[in-house]
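Close look at the chain arrangement
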Amino acid sequence: MGLDSGELLKLDGLSVEYRVRGGWLSAVKNVTLGVGSGEIFAVVGESGCGKSTIAHSIMRLNTDGNERVSGGIYFEGENLGDYSDRQMTAVRGKKIGMIFQNPLDSLNPVYRSGYQVAEAIYLDGKGRDEVWREVIELYRKMKMPDPAKRVRSFPHELSGGMRQRVMIAMMLARNPKLLIADEPTTALDVTIEAQILEIMNQLRADFDASILLITHNFGLVAEIADRVAVMYAGEVAEQGSVFEIFQRPRHPYTELLMKALPRRSKREGRLQTIDGTVPRLTSTEPGCRFYNRCPCAGGRCRNQDPPVRRLSDTHSYACHNR
Ligand SMILES: Nc1ncnc2c1ncn2[C@@H]1O[C@H](COP(=O)(O)OP(=O)(O)OP(=O)(O)O)[C@@H](O)[C@H]1O
Ligand SMILES: [Mg+2]
């Protein structure tokens, strides 16, 4: 299958398994979704539901020989599965950027922060002064306090929020089409989180980039995403525009999540735990993975995969009983 019109990234039945003792763990199962140009698409779900696995598969970062990936990953209409490792390195460097949860791990401690951003620009063969001006300008766009001074700071001299800004600046220096942000704000306090969000929100206008935002935080989704996929145990339970998901959730899991959302402060809208435990993902038997926690589960939910039902072009959910 190719690409729907206007979609920059398309996952078509993506499944990922990890080799574990005694077999394979199905971390991501049959995930289909598309991220449009200039869009912020959120993937939301509890810890362990497969969010990072999706991100790593797109970037082909999970390649130590202990994983099996199937299904299509299309970017700009091309199947990244057909790309050589060398081609993928080029995609990672230029076209798709990734922001990791802990920016200190991704910055080199022995180089000044601005130098690390400059490296990305140097590749284009520009002069030193021009590059340095561009870096300071990028810091300014990231709302970095005192940018001319901060380009000279080492990573350990920067706060968590500042490091996250450096990370984003590094990505943007390469002008990526798609930015994958895996839990970009969980390590930050609320004020800094708000600023980072605002920056991300401006990005698509300034840089015309799409963002795949991975998060636990439904409040965050409500604030900045256009579309959202709700994942449960490696599968997409429901997806739709943010409006559709918040106003008319249909999957029992999404419904429970919505009810559990605190009303007062949207930013405190982290996923609440609900009763029951996630099933062992090593089982390959069919059936709904939400079965044992679902208030409306029936007989066939236990041993038949739920059908995907469509409510609109964007809104769909997988359930036998709704
Ligand atoms: N390299 C690996 N080998 C074996 N199992 C793995 C590996 N990486 C992840 N898993 C398992 O795959 C499942 C999905 O993990 P993943 O990290 O994608 O979840 P996540 O949604 O990103 O969770 P979190 O919110 O905690 O970051 C989990 O059960 C996890 O234990
Ligand atoms: Mg993760």
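The coordinates are above.
Attention shifts here to the overall build of the chain. Helix and strand counts for the chain stand at eleven helices and twelve strands. By the burial criterion, 40% of the 322 residues in the chain qualify as buried. Sequence separation of at least 24 residues holds for 63% of the intrachain contacts in the chain that already meet a minimum separation of 6.

Pairing in this open sheet of four strands is antiparallel, and the strands run S2-S1-S4-S5 from one edge to the other. Two strands bound the open sheet, and with one partner strand each, they are strand S2 (23–36) and strand S5 (78–79). Pairing analysis gives eight bridges linking strand S1 (residues 7–20) to strand S4 (residues 67–75), with the strands arranged antiparallel. Residue pairing for S4: Glu17 is matched across the bridge by Arg68.

A sheet is described by the order of its strands in space; here eight strands give the open sequence S6-S7-S8-S3-S9-S10-S12-S11, paired in mixed fashion. Strands at the two margins of the open sheet, each flanked by one partner only, are strand S6 (96–99) and strand S11 (308–310). Strand-to-strand twist in this sheet, taken as the mean axis angle between neighbours without regard to direction, amounts to 20°. Where helix H1 (residues 51–59) meets the sheet, its contacts fall on strand S3 (40–44), S6, strand S7 (178–182), strand S8 (210–215) and strand S9 (227–232), and the angle it forms with S7 comes to roughly 145°.

Glancing now at the pairing of strand S10 (residues 235–241). Across the seven residues of S10, six count as buried, placing the element largely inside the fold. Direction of pairing for S9 relative to S10: antiparallel, over a ladder of six bridges. Bridge assignment links Arg227 to a residue of S10, and that residue is Ser241. Count of turn residues in the S9/S10 antiparallel hairpin: two residues, of which Ala233 carries a positive phi of about 45°. Sheet topology note: the S10/strand S12 (residues 316–318) ladder contains two bridges and is antiparallel. Directly across from Gln239, in S12, lies its bridge partner Ser316.

Okay, the environment of Pro279 next. The topology assignment puts Pro279 in the loop between helix H11 (252–260) and S11. Its 18 C-beta neighbours within 10 Å are what place Pro279 among the partly exposed residues. Taking the C-alpha atoms as reference points, Pro279 and Ala233, 46 residues apart in sequence, are found 7.5 Å from one another. Those residues in contact with Pro279, other than ones at most four positions away along the chain, are Ala233, Arg289 and Asn292.

In the contact formed by helix H7 (residues 160–173) and helix H8 (residues 190–207), the axes pass within 10 Å of each other and the chain directions differ by 15°. In this view, H7 runs roughly parallel relative to H8, as classed from their interaxial angle. Here H7 runs over H8; the crossing is right-handed. Each of Gly161, Gln164, Ile168 and Leu172 in H7 lies in contact with H8, whose residues at this interface are Ile192, Gln195, Ile196, Ile199 and Phe207. Residue composition of the contact of H7 with H8, by class: six nonpolar, three polar and no charged.

Moving on: H1. For the α-helix, the turn length of 3.6 residues means that residues three or four positions removed from each other point alike. In terms of burial, H1 is a largely internal element, eight of the nine residues being buried. Restricting attention to buried positions, one finds in H1 the residues Lys51, Ser52, Thr53, Ile54, Ala55, His56, Ser57 and Ile58. The first or second residue beyond H1 is Arg60, which carries a positive phi of 50°.

Around ligand 1, 14 residues are found, and the nearest of them are Tyr18, Ala27, Ser47, Ser52 and Thr53. Broken down by secondary-structure element, the contributors of at least two residues to the shell around ligand 1 are S1, S2 and H1. The element contributing the most residues to the shell around ligand 1 is H1, with three residues. Across the shell around ligand 1, the residue classes break down as six nonpolar, seven polar and one charged.

Right, let's get into H8. Spanning 18 residues, H8 covers 25 Å between terminal C-alpha atoms, matching the ideal 26 Å at 1.5 Å per step. Turning to H8, its buried residues number three or more, namely Glu193, Ile196, Met200 and Leu203. Those residues of H8 hidden inside the fold are in contact with H7, S8 and helix H9 (218–224). Immediately beyond the C-terminal end of H8, within one or two residues, lies Asp208, with a positive phi of roughly 55°.

This paragraph deals with the pairing of S2. Remark: a regular strand shows side chains that alternate across the two faces of the sheet. Two elements, S1 and S2, share ten bridges in a ladder whose sense is antiparallel. Bridge pairing in S2 links Leu11 to Leu33. Counting the residues that bridge the hairpin from S1 to S2 gives two residues, and of these Gly22 lies at a positive phi of roughly 85°.

Conventions used here
- Residues numbered from 1 in each chain as written.
- Chains lettered and ligands numbered in written order.
- Predicted model: local features only at pLDDT ≥ 70, side-chain atom pairs only at ≥ 80, totals over all residues.
- Helix = DSSP H or I, 4+ residues; strand = E, 2+ residues; numbered from the N terminus.
- Buried ≥ 20, exposed ≤ 12 C-beta atoms within 10 Å, placed from the backbone.
- Contact = placed C-beta atoms within 7 Å.
- Pairing = 2+ DSSP bridges.
- Axes fitted to C-alpha atoms, helices over the stretch in contact; angles between N-to-C directions.
- Parallel < 35°, antiparallel > 145°, perpendicular 65-115°, else oblique.
- Left-handed = near helix turned anticlockwise from the far one by under 90°.
- Nonpolar A, V, L, I, M, F, W, Y, C, P; charged D, E, K, R; others polar.
- Near = placed C-beta within 6 Å.
- Expected span 1.5 Å × (residues − 1).

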